[in-house]
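# Geometric and topological summary
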Amino acid sequence: MFKRMDFQEEAAQLINSDFRDLSLAANKLAQHAIKLGGIGFGASIFGLIAAIAAIYLLILDRTNWKTNILTSLLIPYIFFSLPSIIFNVFRGEIGKWIAFVAVVLRLFFPKHFPDWLELPGALILLMVVAPSLIASTFRDNIVGVVVCLIIACYLLQEHIRASGGFRNSFTRAHGISNSIGIIVLLVYPIWALVVILL
């Protein structure tokens, strides 16, 4: 009788110990998932902010504040940094219709097709016709992040050179907005690299 009670108490203690270990493991799993999910969510927010900064730099270059940066490099940057939700909307039927209208306007009414629509039209066409390897695999991979980092570093270097030095790029009236926009372009790939390499 005593042996049976000792065995039941020992079994209950072992089961309680196992449940404690399981609850600690589940707690750690939840903490790590929240931590990594938060970092990943931060990467998508930074991607959206970087895409908005790239669009801002495109608009800035088309206004009377002409810059000396190669703005056509902003198109692949936007392509790789745009969050997946927005990218998939433009890759779907909406993007196909926009690309269709842009091609028809460019082919049949070239005099009525404004110059400032060239780069946005190229971006929409790039989103619609990009193969799945580039649009799905490379965009959500380290390849897309490295492409964004190279573009951002090149644009920053060219902007500093065109401004006449690092100090001038932050002190001239037109240079400050461009410098801030290009630095924002650097934030997304650096953060995304941290997320990927963790």
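Look up a bit, the structure's there.
Quick look at the structure, then. Positions within a chain are numbered from 1, following the residues in the order the chain's sequence is written. Only residues with pLDDT of 70 or above have their local features reported here, since the model is predicted, and side-chain atom pairs are shown and tallied only from 80 upward, although totals for entire chains, interfaces and linings are computed over all residues. For side-chain calculations, the full set of non-hydrogen atoms in the structure is used, while hydrogens and water are omitted.

### Re the packing of aromatic side chains
Aromatic rings in a pair are described by how distant their centres are and how their planes are angled relative to each other. Pairing of aromatic rings covers Phe, Tyr and Trp, the last counted by its six-membered ring, and requires centre-to-centre distances within 6.5 Å; plane angles under 30 degrees mean stacked, over 60 mean edge-to-face, and any other angle means tilted. Under the criterion given, the structure shown has 4 aromatic pairs. Seen from their ring centres, Phe-46 and Trp-191 are 5.2 Å apart, and the 70 degrees between their planes marks the pair as edge-to-face. With Phe-46 in helix H1 (residues 2-62) and Trp-191 in helix H9 (residues 173-197), this pair connects stretches of sequence that are 145 residues apart. Whether a residue is buried, partly exposed or exposed follows from its accessible area with a 1.4 Å probe, protein chains only, as a fraction of its type maximum: under 20%, in between, or over 50%, in that order. According to the relative accessible area criterion, Phe-46 is partly exposed, its value standing at 27%. Residue Trp-191 is classed as partly exposed on the basis of its relative accessible area of 32%. Arranged with centres 5.9 Å apart and planes meeting at 85 degrees, the rings of Trp-97 and Phe-100 form a pair that is edge-to-face. Taken together, the residues span about one helical turn, with Trp-97 and Phe-100 both in helix H4 (residues 93-108) at a distance of 3 residues. In this structure an aromatic cluster arises from ring pairing among Phe-79, Phe-80 and Phe-87. Helix and strand assignments come from DSSP, with helices taken as H or I runs of at least 4 residues and strands as E runs of at least 2, each series counted from the N terminus.

### Remarks on the pattern of salt bridges
Once the charged atoms of two side chains with opposite charge are near each other, the side chains can pair. Any carboxyl oxygen of Asp or Glu within 4 Å of a side-chain nitrogen of Lys or Arg constitutes a salt bridge here. With the rule as written, the count across this model stands at 3 salt bridges. A salt bridge links Arg-106 to Glu-118; the nearest nitrogen and oxygen atoms lie 3.1 Å apart. Residue Arg-106 is found in helix H4, and its partner Glu-118 is found in helix H5 (residues 118-129); the two are separated by 12 residues along the sequence. Under the relative-accessibility criterion, Arg-106 is labelled partly exposed at 39%. Of the residues examined, Glu-118 reaches a relative accessible area of 32% and is grouped as partly exposed. The salt bridge involving Arg-161 is made with Glu-158; its shortest N-O contact spans 3.5 Å. Pair noted here: Arg-161 and Glu-158 are both in helix H7 (residues 142-163), with a separation of 3 residues, about one helical turn. According to the relative accessible area criterion, Glu-158 is buried, its value standing at 19%.

### Thoughts on the side chain of Ser-81
Summarising the element assignment, Ser-81 is placed in helix H2 (residues 74-81). A polar contact is formed between the side chain of Ser-81 and the backbone oxygen of Tyr-77, at a distance of 2.8 Å. In this analysis, two residues are considered to be in contact whenever any of their non-hydrogen atoms come within 4.5 Å of each other. Other than its neighbours up to four places away in sequence, Ser-81 contacts Gly-47, Leu-48, Ala-51, Arg-139, Cys-148 and Tyr-188. Throughout this description, a polar contact denotes any pair of N or O atoms lying within 3.5 Å of each other; where both atoms belong to protein, one of them has to be capable of donating a hydrogen while the other can accept it, and for residues adjacent in sequence the pair is counted only when both atoms sit in side chains.

### Brief notes about the nonpolar core
Working definition of a nonpolar core: buried Ala, Val, Leu, Ile, Met, Phe, Trp, Tyr and Cys residues. They are joined through side-chain atoms within 4.5 Å. Grouped together as the largest cluster of nonpolar side chains are 32 residues, with contacts concentrated most on Leu-74, Tyr-77, Phe-79, Leu-185 and Tyr-188. Only H1, H2, H5, H7 and H9 provide two or more residues apiece to this core. It is H1 that provides the largest number of residues to this core, a total of 7 residues. With residues up to four places along the chain from it excluded, the contact list for Leu-74 reads Ala-54, Leu-57, Leu-58, Leu-155 and Leu-185.

### Focus on the environment of Leu-105
Inspection of the secondary structure puts Leu-105 in helix H4. If we ignore the near neighbours within four places in the chain, the residues touching Leu-105 are Pro-110 and Phe-113.

### Here's the deal with the environment of Val-145
You can see Val-145 is positioned in helix H7. For the pair Val-145 and Tyr-77, spaced 68 residues apart in sequence, the C-alpha to C-alpha distance is 9.2 Å. Discounting residues that sit within four places of it in the chain, Val-145 has contacts with Tyr-188, Pro-189, Ala-192, Leu-193 and Ile-196.

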